Amino acid sequence: MHKSLGPGLLESSYLECLYYELQLSGLSVEKQKPLPLIYKNVNLEIGYRLDILVEGKVIIELKSVESINEIHIAQV
């Protein structure tokens, strides 16, 4: 994808392409799946979203940045 599209696009562009490619490969894929925060047995729906969830087991967090830094690692 990156070789086809090149650098500098928004994360959402790469997300759509990756989602498409994963679906083509026959995998069960969900994008922008809500992820609740459970705090003291209370479901706090604060807007967390998984970029892509593959086969209900693998989370893909996409980044469209020149380099990864500490804040990106904290998100995972």
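Criteria and cut-off values
Residues numbered from 1 in each chain as written. Predicted model: local features only at pLDDT ≥ 70, side-chain atom pairs only at ≥ 80, totals over all residues. Heavy atoms only, no water. Core = buried A, V, L, I, M, F, W, Y, C linked by side-chain atoms within 4.5 Å. Buried < 20%, exposed > 50% of the residue type's maximum accessible area, 1.4 Å probe, protein only. Helix = DSSP H or I, 4+ residues; strand = E, 2+ residues; numbered from the N terminus. Contact = heavy atoms within 4.5 Å. Patch = residues over 30% accessible without salt bridge, like charges linked within 9 Å, V, L, I, M, F, W, Y side chains within 5 Å. Areas by Shrake-Rupley, 256 points an atom, 1.4 Å probe, with all protein chains shown as cover. Salt bridge = Lys/Arg side-chain N within 4 Å of Asp/Glu carboxyl O. Pairing = 2+ DSSP bridges. Axes fitted to C-alpha atoms, helices over the stretch in contact; angles between N-to-C directions. pLDDT = per-residue confidence, 0-100.

## Focus: the nonpolar core
Nonpolar side chains in soluble globular proteins tend to end up buried together. Core analysis: the biggest nonpolar cluster contains eight residues, these being Leu15, Leu18, Tyr19, Leu22, Val29, Ile52, Val54 and Leu62. Those elements giving two or more residues to this core turn out to be helix 2 (11–24) and strand 4 (49–54). With four residues, helix 2 is the single largest residue contributor to this core. Setting aside residues no more than four positions away along its own chain, Leu22 makes contact with Leu27, Val29, Ile52, Val54 and Ile60.

## A few points about a nonpolar patch on the surface
Nonpolar side chains collect at one region of the surface, where Leu35, Leu37, Tyr39, Val42, Leu44, Ile46 and Tyr48 lie side by side and expose about 620 Å² of accessible area between them. As for its position among the elements, Leu37 is in strand 2 (residues 37–39). According to the relative accessible area criterion, Leu37 is partly exposed, its value standing at 32%.

## What about the sheet that holds strand 1 (residues 29–34)?
The three strands are arranged 1-4-5 in an open sheet whose pairing can be described as antiparallel. At either margin of the open sheet sits one strand with a lone partner, and together these are strand 1 and strand 5 (58–60). Each adjacent strand pair in this sheet contributes to an overall mean axis angle of 35°, direction not counted. In the sheet, strand 1 pairs with strand 4 via five bridges, with the strands oriented antiparallel. Counted as the bridge partner of Lys33 is Leu50 from strand 4.

## Comments concerning the confidence of the model for the chain
Note that predicted coordinates carrying low pLDDT should not be read in detail. Summing up the model confidence of the chain, the mean pLDDT is 87 and the portion of residues at 70 or higher is 93%. Mean pLDDT across the elements of the chain bottoms out in helix 3 (residues 70–75) (69) and peaks in strand 1 (95).

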